[in-house]
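# Fold and geometry: a report
Listed below, chain by chain, are the residues.
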Amino acid sequence: MDFPIFHIDFIGNRMLIAVDAILHVIINHALAVGALPIIALLEYIGIRNKDKRWDALAFRLLKIIFIVTTTVGALTGVGIWFSASLINPAAIGSLIRVFFWGWFVEWLVFVSEVSLIMAYFLTWESTRDKPEAKLKHWRLGLFLAAFSWITMAIIVAILGFMMDTGNWQTERTLLAGLFNPMYFPQLGFRTTLAMVMGGMSMICLTYLYTRRELAFRSAVLEVLSKWTGAWLLALAIAAIWYYQVIPGHMLANIPVAVTTQEYVSWNSQLKWLLIFGLAFVGWVAWASFKRPGQVHGAKYALSLVVLVLMLGQFERVREFIRKPFIIGNYMYANGLRVDDYPLLKRDGILQHATYAGIREITADNQVSAGREVFEQTCSRCHTVNGINSIRGQLKNMYGDKRWQADIIAAYVENMHGARYFMPPFPGNKTELQALSVYLASLQKRAAAFNGAQINGIPAPDFISAATHYGNIPDLDTHQGEQH
Amino acid sequence: MAAPIPRDIPLPLPAPEGFLEILLVVAFLVHIVFVHLMIGGSLFSLVCQIRGLKVPDYEKLAYRIMQLVTVNKSMAVVMGVAPLLIINTLYAPQFYASSALIGDMWMAVIPLVTLAFLLAYVHKFWWRHFINIPELHIGIAALETALFLFIPLIFMTNVNLMLFPEAWPQVKGFVSALLLPNVIQRYLHFLSATVLSSSLLLVWWTGRKSFAQEVQFSKVRLLDVRRFFYAFAFGATLLQMLTGLLVFVSLPAQGMGWGFTLLLMLGGASALPAVYWMWQNLTRTDHLLDDNFKRIIASFACALVLMGIARHDYRENALADHQSAIKEKTANYQAAVKVAAEEAQLAAKALEEQPRGAGEIAFEQNCAACHHATLPTVGPSMQEIKELYAGDPSGLIAWTKAPGKKRPDSMAMPSFAHLSDAQLTAISGYILSH
């Protein structure tokens, strides 16, 4: 409402964030948090056994980790900021204010992590043949592994907060937000999953790198399978814990039965994926531990895929539980605060949206006004023609029957009751009507729907250039100059 | 033209404003130094590699320079996060707006930087694989450098656009924001600083003892290489002053102020001694390249800090009116929100006090989301249900407990077996008598 609306109609805004974030999480879990301890482990075995092959392998693995994490890994991390602040600036802006110091600490840890990985990787070759320096170098690896875990631990706090604001609603402090009830189950689940993913990804790479040294391969795989298997057991426990705590906690907030079904269907997918996935990965790890050289590489690769799917599904459920809020009970996913609703429902959102192009709805401008309303209230989650398109949704509902504005209006008015992942419609009755006329018009023809990055913003009018509100007197004592 | 006045995020700043501003200036300067070194490194590596086609020693040098780029580029990214965070906090209404207005290009920063980094790794880690195809190698280096040179232009466009809310309504996408007066000048000023800082770094770096040991040149004298960089540094300093003037005269007036002008003068002046020392080192035979090196760096560092403060001062000046208008509007809006919330509460209370049956209440809570009085929405309308089940409340209750699947083009209704019989009876009574 207070920011020009960026919109990508083709892949959709949520998809843009999701692709970036999922890629980031996979790289972070599988190649940083989960893999770095293994590099230190392999380096240690190399030192203990005085065996150059372990050292060489560890360095080769680290090179991949270094290349991927310092390019795609780091930049998808920054990309989450970029995309989230383009798509939902109100939400990310609020989160930054609440979590500034959390993020600041996170940033310091991140700086240390990057410095450590550079030091660890770039001094590997120069310390290789000096026993004392080598030991110090190994310690660097341990630090690095610890820091990459701490980075994740802080981020999990922030994610946990977005799901459930805990006491923050009433206390509004950073610590209250950080130690919300979701924190430990999520951290446990993520840590163990990351360790298993890191183990599996290093197993896969080792398999590729040791094609010509089969005896060595068996020795390494045995160690890695033990490591991965142990974390797998921990993952099973953490998963049960997570599953016990979170659904009960969240389900209590879910109002209407049908949406729990939707949720339950995703959550039970996760449950089965967890049960079968863990069983499969466990079986592979066990086989690989018993007969290290004889498990086919494809099984390892498949295990990794299963783990990635598990992580993806977990993120999806986590996202889903959070809806319709983007910050639990404070702000909806459309960027409007719960507190804004009474005002917007009374006056209409177009009266308050700084960058809206139409203020008054008349009989003649219903379609274009409806488009504005759609942009303000639905476009954070729906495209017109792309992914999760509103056209597709309406088509599913009404098919080839004529789409009728008053039927659509009756639906939108109550949709948050039936489809609890959507926020309530924030505008007034005329806007609801205009929105429905616009939506009905989409059956025949949908003009290209572009955001502010293409259309720009309208010239400021009496609402967007003013600082005052109707009959409410100006509160600020000094009258700021108006441009 | 008037500026749009949005509202700010209605949450308090996480720390005193002045403190955040200091943090912003410091964090930004650290970031920008690494950015300069990263881009300049890539540029000089390319230059040396091209020279290396004729004089192979330069190829060795190019490889060494890329090792610096690996470190500097990682630092540039991590050091960039802090200023981004702070600018998001302090200037939310402006920075998010300008980012959105050039959104496509702003988002493209992520894949472009990733690509540039990956190219830099290919360029460096696979150096020896390209021995026989130098054209390809140089092509990769050139692409990497071109990307490195282009990306700052996006940032420059954004931070320039955020300063001038009056210009927002004219902007349609990245190109039109790029063409606002002043962006190109700032960019040129930035480029000369890049060359200046990275060539100075290289002068120092090639002057270390260990460098001479590690890199054995066969023909070229190390001293000539260093003079080569030094000459660049000197030329870039002059260019830096020239482009600085250009930026100054083209800056829009609303951010100007005496304090700002004074800071700029001081900044420019503190670089003058460095120019003098560098000139001496280059031209006088009784001077060595390394003479006064620390002083030269100190003089430039002084200039850098003053310019960083001046830059912030200009931003504060340019946005002062806009910020105070935003503050006022935000406060007024919050008051309006409060009034509306109170009204809504009264209305809700009034509604509650109206006599309503248990059936109606339970219907609203459980069924109204999908069943409208007269129109088919998710499920059939109440009217339709009434006609279907007239005189058959137990049939209605049975359905509600265990719904079937009847209408082919609608979803399945969820079961409401968890409601008590009394509730269900009340609901059915309400529907059938409605």
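Residues numbered from 1 in each chain as written. Chains lettered and ligands numbered in written order. Predicted model: local features only at pLDDT ≥ 70, side-chain atom pairs only at ≥ 80, totals over all residues. Heavy atoms only, no water.

### A short note on the overall build of chain B
- Within chain B, the regular secondary structure consists of 15 helices and zero strands.
- Computed over the C-alpha atoms, the radius of gyration of chain B is 34 Å, more than 25% above the 22 Å expected from 2.2 N^0.38 for a compact globule of 434 residues.
- With the C-alpha coordinates of chain B rotated into their principal frame, the extents come out at 115 × 60 × 35 Å.
- Considering chain B as a whole, with its 434 residues, one finds that 55% of them fall into the buried category.
- Long-range pairs, those at least 24 residues apart, make up 75% of the contacts in chain B with a sequence separation of at least 6.
- Surface exposure of chain B reaches about 19,200 Å², of which carbon and sulfur atoms provide 68%.
- If you average the places of the 31 positive and of the 29 negative side-chain charges in chain B, the two averages end up 14 Å apart. (Helix = DSSP H or I, 4+ residues; strand = E, 2+ residues; numbered from the N terminus. Rg over C-alpha atoms; globule rule 2.2 N^0.38 Å. Buried < 20%, exposed > 50% of the residue type's maximum accessible area, 1.4 Å probe, protein only. Contact = heavy atoms within 4.5 Å. Areas by Shrake-Rupley, 256 points an atom, 1.4 Å probe, with all protein chains shown as cover. Lys, Arg positive; Asp, Glu negative; His and termini not counted. Charge placed at Lys NZ, Arg CZ, Asp CG, Glu CD.)

### Considerations on the domain arrangement of chain B
Residue and element names in this part refer to chain B.
- Here chain B is described as being made up of domain 1 (11-179), domain 2 (181-354) and domain 3 (358-432).
- A C-alpha centroid distance of 14 Å is found between domain 1 and domain 2.
- Counting residues at the interface gives 49 residues for domain 1 and 46 residues for domain 2.
- Interface area, domain 1 with domain 2, both sides summed: about 4,200 Å², of which 72% is carbon and sulfur.
- Put simply, domain 1 and domain 2 have one salt bridge between them.
- Two residues, Arg64 and Glu214, come together in a salt bridge whose shortest N-O distance is 3.1 Å.
- The tally of links from domain 1 across to domain 2 stands at 12 residue pairs in polar contact (both at pLDDT 80 or more).
- Those elements that place two or more of their residues in the side of domain 1 that touches domain 2 are helix H1 (17-52), helix H2 (56-90), helix H3 (92-101), helix H5 (134-161) and helix H6 (174-178). (Domains from an automatic or database assignment. Buried area = accessible area lost by both parts, 1.4 Å probe. Salt bridge = Lys/Arg side-chain N within 4 Å of Asp/Glu carboxyl O. Polar contact = N/O pair within 3.5 Å; in protein donor to acceptor, adjacent residues only side chain to side chain.)

### With respect to the packing of H1 of chain B against H2 of chain B
Residues and elements named next belong to chain B.
- Two numbers describe how H1 lies on H2: the axes approach to 6 Å, and their chain directions differ by 160°. Between H1 and H2, the interaxial angle falls into the category roughly antiparallel. Note that H1 runs across H2; the crossing there is left-handed.
- Its residues assigned to classes, the contact of H1 with H2 shows 27 nonpolar, nine polar and five charged. (Axes fitted to C-alpha atoms, helices over the stretch in contact; angles between N-to-C directions. Parallel < 35°, antiparallel > 145°, perpendicular 65-115°, else oblique. Left-handed = near helix turned anticlockwise from the far one by under 90°. Nonpolar A, V, L, I, M, F, W, Y, C, P; charged D, E, K, R; others polar.)

### Considerations on a nonpolar patch on the surface
Residue and element names in this part refer to chain B.
- A contiguous nonpolar patch, built from Ile184, Leu188, Leu246 and Val249 and spanning about 350 Å² of accessible area, is present on the exposed surface.
- The set of elements that each furnish at least two residues to the nonpolar patch consists of helix H7 (183-207) and helix H9 (222-250).
- Positionally, Leu188 belongs in helix H7.
- The class for Leu188 is partly exposed, based on a relative accessible area of 37%. (Patch = residues over 30% accessible without salt bridge, like charges linked within 9 Å, V, L, I, M, F, W, Y side chains within 5 Å.)

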